[in-house]
Amino acid sequence: MKGNKKSKGKIIIVSNRLPVTISKRKDELKIQQSPGGLATCLRAIQEEEKAIFVGWPGYWPANDKEKRSIENELINYCKSYPVFISPAEIGKYYYGFANRTLWPLFHYFSTYCAYEESEWIAYKKVNQRFFQKVFDLADPQDTFWIHDYHLMLLPALIRKSLPQSSIGFFLHIPFPSSEIFRVLPWRQEILEGFLGADLIGFHTYEYAQHFLNSVLLLLGYEHEFGAIQVDNRIVKVENFPMGIDSLGLKSLLEESSIQKEIKKLEEKIWTEKRKIILSVDRLDYTKGIPQRLKGIELFLEKKPEWHGRFTYVMLCVPSRTKVKHYSLLKEEVDSLVGRINGRFGMPGWIPVHYMYRSLPFNKLLPLYTIADVALVTPLRDGMNLVAKEYVASKKDNRGVLVLSETAGAASELGEALLVNVNNKEDIASALTQALDMSEEEQARGMKLMRKRLFEYDVLHWARSFVQRTKDVKKIQSQREHRKLNVKWEKKLISDFKKSKNRLLFLDYDGTLVSFAMKPEQAKPDVGLKRLLFSLGKDPHNTLVIVSGRDRTTIEHWLGKVPCGLVAEHGAWIKRDPRHDWEKQKSISGDWKEQLKPILKTYEFRVPGSLMEEKEYGIAWHYRKANPELGQLRSSELFDYLNEFLANTDLQVMHGNKVIEVRVSGINKGDGVMPWLSEKKWDFILALGDDWTDEDLFKILPAKAYSIKVSYGPSQARFYLESSQLTRSLLHKLVRIQK
Ligand code: GDG
């Protein structure tokens, strides 16, 4: 890593492919623009100042000299830093794991997936190689923007070595439902890879939800409005629908060579008097090409009046030809085209004009412009930029887009004719509707879609993503300031040392012990008891354990420790081991009988969850339940109970994997009052991890050391990351006493 601390920070854009590709012809190296949606986007944001690119240049140099010359050339030509990957590695990492495992799985083609250990190893190795490259290039202020499914391990690799860095990750393909994702043997590593980022972006809200569900189901992390707490960081998950370079496309359309090409095509159409239907895709099984052809075939069967009156121009760009399913698809498409043209073609007319090649964009654009209908019918597609480019090219607002409802673009282009690609009737009738549509109706839809595309173009997309990544980092660093760091810990210890009247409030679960699957499993170990004894017996200390547990359990576990006890969140207090329990408020427990059947129903509906009855409260724990179901049902129960108990003296709390009902006015703040008001203390320490501890934190004097034992919003002055760190802090205090 470079040490240039003065740098204001650049954006390091990392993707599998660089926006340019190197090739060698007749001993001469050529630099060309890379094909594909991502490359289109990268070129558009190249103008963003201080952005550099890291990626594979698509070429393996013959020797070191050639390697160096490529490196220099790419840096000077387009601020691109190549990561060289050998042909053998490309076979396993790119054609293998990325395109034989991740691509089909994420597009719901799970039966096409190969699960090859050696390909996974290659994937890890290449991600590591990318890491090394970005590590060498990075300055402390830089922002990383990592793209797509080839590099899902990279965020965590960067996070591990550069913990303070600002990292955004964007997935260009769909994120599948957790039921699909969970079949991946390396699902955990992949999710952990993602979570190295500060911001994780998807094209649609649905993909983001699928991701959040997988994280919950497989790693157990809940989220709040798309924010996941990972160790001491917040990771935000949001949707950023990618736009296209609408303005670039508009100005390209005005170029005279393009206008000439458009005119030429229009004259041909005018002579032939045929409507043009267009499709443009990589030849990929996700693009629904055979399904679309079957839809066309049905249309031809049902609508003889259209025979000879349209041409379907089908541009298929060769893609991943080394992967078996792609060559099989090619055979299927060839044969379907042959069958349709054979069945319906006539002298002077063939219905499907099939081009299996790539076209330069200046040839593609005139095709968009003259097409009456665009057929964009993927079975699954992250976004689909062709649909957007088609609409953006329609300056005169003429034309109809037929769009698959399973393309990410469908959530933004609702005015298109949306179809279910698996239903050929649907495609055929959308085609009829499109070809018959009046110009007024075409214009109505086009205008709305175009307005959106010009407002939310690719630069808007890129800028908002990068800005959001930086924002998340800012939130992180604001929270970071509250950490009980070495400096503050020293101050706490020295204040402790100087003081003679110390009051120590310690929550139990999550603060002194980690959470256990069942509430009764979290009993104190010998080490903890010893630690509490040492703290409690010092005459300068008044130690109070402040718990939500029932008084019998807490007394059974800690009754002999020289300390005060608060049970059931303040319903009961015990001044010291010699005193009896005192009731804080006179309350009847009759209401519990009414609530028990409700909580029992939830216990039954959510396997693994359990109801716990306390003397003055009742709780439903779901730590052991399926995380997704637990989260869902707990929100449902929480809402239900709040409504049910409105205008009563009861309150509902949503704690850490628990919903609890108790009498209002009983809380940890009130529970500790007898100690707090007893005398003037010269040192107060309060440690707690949960929502219920907030009542305690907020009544403490400003100088008290209130510490939340987890990262998240709190009234506490400081936070610590774990119960282990709590214990280590307490051990330091005990050592001072000696
Ligand atoms: C991935 C996701 C997501 C196509 N043929 C030619 C050509 N193209 C250009 C188009 C368009 C791009 O390629 C295709 O973009 P897509 O979005 O349709 O598809 P993917 O490449 O699979 O991209 C996709 C995208 O990432 C962005 O996030 O939308 O869902 O799969 O720009 O114009 N360009 C040229 N000649 C061609 O023959 N020059």
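Quick note: structure is the one above.
Residues numbered from 1 in each chain as written. Predicted model: local features only at pLDDT ≥ 70, side-chain atom pairs only at ≥ 80, totals over all residues. Heavy atoms only, no water.

A. Seen up close, the site of the ligand. Taken together, 25 residues lie near the ligand, and His172, Leu359, Asp381, Leu385 and Glu389 sit nearest. Backbone polar atom of Leu359 to a nitrogen atom of the ligand: 2.3 Å apart, as the coordinates give it. In this structure, an oxygen atom belonging to the ligand sits 2.9 Å away from a main-chain N or O atom of Met383. Coverage of the ligand by the protein chains reaches 90% of its 730 Å² of free accessible surface. For the shell around the ligand, the secondary structure elements donating two or more residues are helix 1 (37–44), strand 12 (275–282), strand 13 (310–317), helix 13 (361–370) and helix 14 (385–392). Residues belonging to the shell around the ligand are distributed by class as follows: 13 nonpolar, eight polar and four charged. In this structure, the shell around the ligand is formed jointly by two domains, domain 1 (5–239) and domain 2 (248–455), each of which donates at least three residues. (Near = heavy atom within 4 Å. Polar contact = N/O pair within 3.5 Å; in protein donor to acceptor, adjacent residues only side chain to side chain. Areas by Shrake-Rupley, 256 points an atom, 1.4 Å probe, with all protein chains shown as cover. Helix = DSSP H or I, 4+ residues; strand = E, 2+ residues; numbered from the N terminus. Nonpolar A, V, L, I, M, F, W, Y, C, P; charged D, E, K, R; others polar. Domains from an automatic or database assignment.)

B. A look at the pairing of strand 25 (residues 650–655). With six bridges connecting them, strand 25 and strand 26 (residues 658–663) associate as antiparallel partners. Among the inter-strand pairings, His654 is bridged to a residue of strand 26, identified as Ile659. Turn length for the strand 25-strand 26 hairpin, with the two strands adjacent in sequence and antiparallel, is two residues, and the turn residue Lys657 shows positive phi of about 60°. (Pairing = 2+ DSSP bridges.)

C. Expanded view of unusual backbone geometry. Its identity is not glycine, yet Phe225 carries a phi of approximately 50°, on the positive side. Looking at where Phe225 falls in the secondary structure, it is placed in the loop between strand 9 (223–224) and strand 10 (227–230). Unusually for a residue other than glycine, Glu568 sits at a positive phi of about 50°. Relative to the helices and strands, Glu568 is located in the loop between strand 20 (564–567) and strand 21 (572–574). Here Glu568 falls in the buried class, since its relative accessible area comes to 3%. (Buried < 20%, exposed > 50% of the residue type's maximum accessible area, 1.4 Å probe, protein only.)

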